[in-house]
Amino acid sequence: PLVASVRASVEALEGLFAQLLDLSQLEAGALHPAPMAFALEPLFARVAADLGPQAIAHGLAVRTMRTRLAVHTDPVLLERIVRNFVANAVRYTRAGGVVVGARRCANAVRIDVIDTGVGIAAADRARVFDEFVQLGGVPRHHASGRGMGLGLAIVRGLALLLGHTIDMDSAPGRGSRFSITVPRATCAGSRQASAAMRPAIPSQ
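Residues numbered from 1 in each chain as written. Predicted model: local features only at pLDDT ≥ 70, side-chain atom pairs only at ≥ 80, totals over all residues. Heavy atoms only, no water.

### Describing helix H2 (residues 41-56)
The end-to-end C-alpha distance of H2, which contains 16 residues, comes to 21 Å, matching closely the 22 Å that a straight helix rising 1.5 Å per residue would cover. Along its length, H2 reaches its greatest deviation from straightness, about 35 degrees, at aspartate 50, and the proline proline 53 lies no more than four positions downstream. Restricting attention to buried positions, one finds in H2 the residues Leu43, Phe44, Val47, Ala48, Leu51, Gly52, Gln54 and Ala55. Packed against the buried residues of H2 are strand E1 (36-39), strand E2 (61-64), helix H3 (75-91), strand E4 (97-105) and strand E5 (108-115). (Helix = DSSP H or I, 4+ residues; strand = E, 2+ residues; numbered from the N terminus. Expected span 1.5 Å × (residues − 1). Bend = angle between axes of the 7 residues up to and from the residue. Buried < 20%, exposed > 50% of the residue type's maximum accessible area, 1.4 Å probe, protein only. Contact = heavy atoms within 4.5 Å.)

Right, dumping it as structure tokens:
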């Protein structure tokens, strides 16, 4: 138990440092998108594999819907966005789980992260993407901690940098849906493009 507690604390600190690094890079204009065509399913699988154990530790499940859709954007920055969505969903979900999926919308693809969490009151929806905003509903003993309220602020900054639209819908006590709409690609790109999809720095 002591080793597990120390490991959880270290992972929480690493997540906080990663968030601060992401925020500082955004503010300094140090992030330069490199758009390419790539398939979404491998990205979803990596996120679920990395954040699944944290969810399982709290009796939750992270599931991904199979998809053949491909998009055209920066794969690393998009993965940071999806990771932040999923990590935030796990943090605010007490029972049930999180589902990651994608659907075609004309010439775009909407990526959805849907949870069965505590939900967000209408009065709070306008500020959930602001920096250092923490809503109620996260137990103090949560493995990922209460965070610093930066995850969704980083999502907003990355989406603005990429020129993508983010959206959310929520019902208090029933859960939330966080989404980002990305240009659709007709193919997953070349092997060279796939190889360039290095894992993103976790920003939980």
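From this point on, the discussion continues.
### Description of the packing of H2 against H3
Axis separation between H2 and H3 bottoms out at 10 Å; the angle between their running directions is 30 degrees. It follows that H2 is roughly parallel to H3 by the angle criterion. The chirality of how H2 crosses H3 is right-handed. In this structure, H2 contributes Leu43, Arg46, Val47, Asp50, Leu51, Gln54 and Ala55 to the contact, and H3 contributes Pro75, Leu78, Glu79, Val82, Arg83, Val86, Ala87 and Val90. Looking at the contact of H2 with H3, its residues break down into ten nonpolar, one polar and four charged. (Axes fitted to C-alpha atoms, helices over the stretch in contact; angles between N-to-C directions. Parallel < 35°, antiparallel > 145°, perpendicular 65-115°, else oblique. Left-handed = near helix turned anticlockwise from the far one by under 90°. Nonpolar A, V, L, I, M, F, W, Y, C, P; charged D, E, K, R; others polar.)

### Remarks on the pattern of salt bridges
Counted under the stated rule, the structure contains eight salt bridges. Aspartate 50 is the salt-bridge partner of arginine 83, the closest N and O atoms lying 2.5 Å from each other. You can see arginine 83 sitting in helix H3 and its partner aspartate 50 sitting in helix H2, a full 33 residues away along the chain. By relative accessible area, aspartate 50 is classed as partly exposed at 45%. (Salt bridge = Lys/Arg side-chain N within 4 Å of Asp/Glu carboxyl O.)

### Some remarks on the environment of glycine 119
With respect to the helices, strands and loops of the structure, glycine 119 is situated in the loop between E5 and helix H4 (151-162). Sequence spacing of glycine 119 and alanine 89 is 30 residues, and the spatial spacing of their C-alpha atoms is 9.6 Å. Those residues in contact with glycine 119, other than ones at most four positions away along the chain, are Ser170, Ala171, Pro172, Gly173, Gly175 and Ser176.

### Examining the pairing of E4
Direction of pairing for E2 relative to E4: parallel, over a ladder of four bridges. Residue pairing for E4: valine 62 is matched across the bridge by valine 98. Note that E4 and E5 share eight bridges and pair antiparallel. Bridge pairing links arginine 104 to valine 109 in E5. Hairpin geometry of E4 and E5 is characterised by an intervening segment of two residues between the two adjacent antiparallel strands and by a positive phi of about 60 degrees at alanine 106. (Pairing = 2+ DSSP bridges.)

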